[in-house]
Amino acid sequence: MCRLNIKAVAEGIETESQVAFLKECGCDYIQGYYYYKPMPAEEFAAELDRQSGKAV
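Residues take numbers from 1 onward in each chain, read along the sequence in its written order. For a predicted model such as this one, the threshold for reporting local features is a pLDDT of at least 70, and the threshold for listing and counting side-chain atom pairs is 80 or more; totals across whole chains, interfaces and linings nevertheless cover every residue. Side-chain measures here rest on the full set of heavy atoms in the structure, leaving out hydrogens and waters.

(A) Seen up close, the overall build of the protein chain. Along the protein chain, the regular secondary structure elements total two helices and two strands. Counting from the N terminus, the helices are the DSSP runs of H or I reaching at least four residues and the strands are the DSSP runs of E reaching at least two. When the helices and strands of the protein chain are listed from N to C terminus, the series reads β-α-β-α. By the compact-globule yardstick of 10 Å for 56 residues, the protein chain is too spread out, its C-alpha radius of gyration being 15 Å. Its C-alpha atoms give the protein chain principal-axis dimensions of about 50 × 25 × 20 Å. With 56 residues in all, the protein chain has 14% of them scored as buried. Note on contacts: a residue pair is in contact if any heavy atoms of the two residues lie within 4.5 Å. Put simply, of all contacts in the protein chain between residues at least 6 apart along the chain, 0% involve residues at least 24 apart. Surface accessibility follows the Shrake-Rupley procedure with a 1.4 Å probe radius. Residue values consider only the protein chains on display as shielding. For the protein chain, the accessible surface area stands at approximately 5000 Å², while carbon and sulfur atoms represent 55% of it. Charge counting treats Lys and Arg as positive and Asp and Glu as negative, with His and both chain ends excluded. To locate a charge, the coordinates of NZ of Lys, CZ of Arg, CG of Asp or CD of Glu are taken. Here the protein chain carries 6 positive and 9 negative side-chain charges, and the mean point of each set is 7 Å from the other. It is over C-alpha atoms that the radius of gyration is taken, and the globule rule equals 2.2 Å times the number of residues to the power 0.38. The cut-offs for exposure are 20% and 50% of the maximum accessible area for each residue type, with area from a 1.4 Å probe on protein chains only; residues under the lower value are buried, those over the upper are exposed, and the others partly exposed.

(B) Representation of the nonpolar core within the structure. Residues grouped as a nonpolar core are buried Ala, Val, Leu, Ile, Met, Phe, Trp, Tyr and Cys residues, joined through side-chain atoms within 4.5 Å. Ranked by size, the top nonpolar core spans six residues in total: Ala10, Ile13, Val19, Leu22, Cys27 and Ile30. Once you skip the residues sitting within four places of it in the chain, Cys27 turns out to touch Ala8, Val9, Ala10 and Leu22.

(C) Representation of a nonpolar patch on the surface in the model. A contiguous nonpolar surface patch, about 300 Å² in accessible area, is contributed by Tyr34, Tyr35 and Tyr36. Assignment of secondary structure puts Tyr36 in the loop between β2 (29–30) and α2 (41–51). The partly exposed category is assigned to Tyr36, whose relative accessible area is 43%. Patches here: salt-bridge-free residues with over 30% relative accessible area, like charges joined within 9 Å, nonpolar side chains (Val, Leu, Ile, Met, Phe, Trp, Tyr) joined within 5 Å. Within this document, salt bridges are pairs made up of a side-chain nitrogen of Lys or Arg and a carboxyl oxygen of Asp or Glu, the two lying within 4 Å of each other.

(D) Looking closely at the confidence of the model for the protein chain. Residue-level confidence of the predictor is what pLDDT reports, using numbers from 0 through 100. When pLDDT is averaged across the protein chain, the result is 89; 93% of the residues are at 70 or more. Mean pLDDT values for the elements of the protein chain range from 92 in α2 up to 96 in β2.

Rendered as structure tokens:
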């Protein structure tokens, strides 16, 4: 198999079956509605704070 040594990002992923397929193929990064819906920057910052255990 030919390797280019670059990282791949799959965008717009919406289903668990898409995630499973991409993981099986060795995709490096997966993003999309499956993980989180689009949101305003302020809501995103609050979510990051929440996940890191910081009070908002």
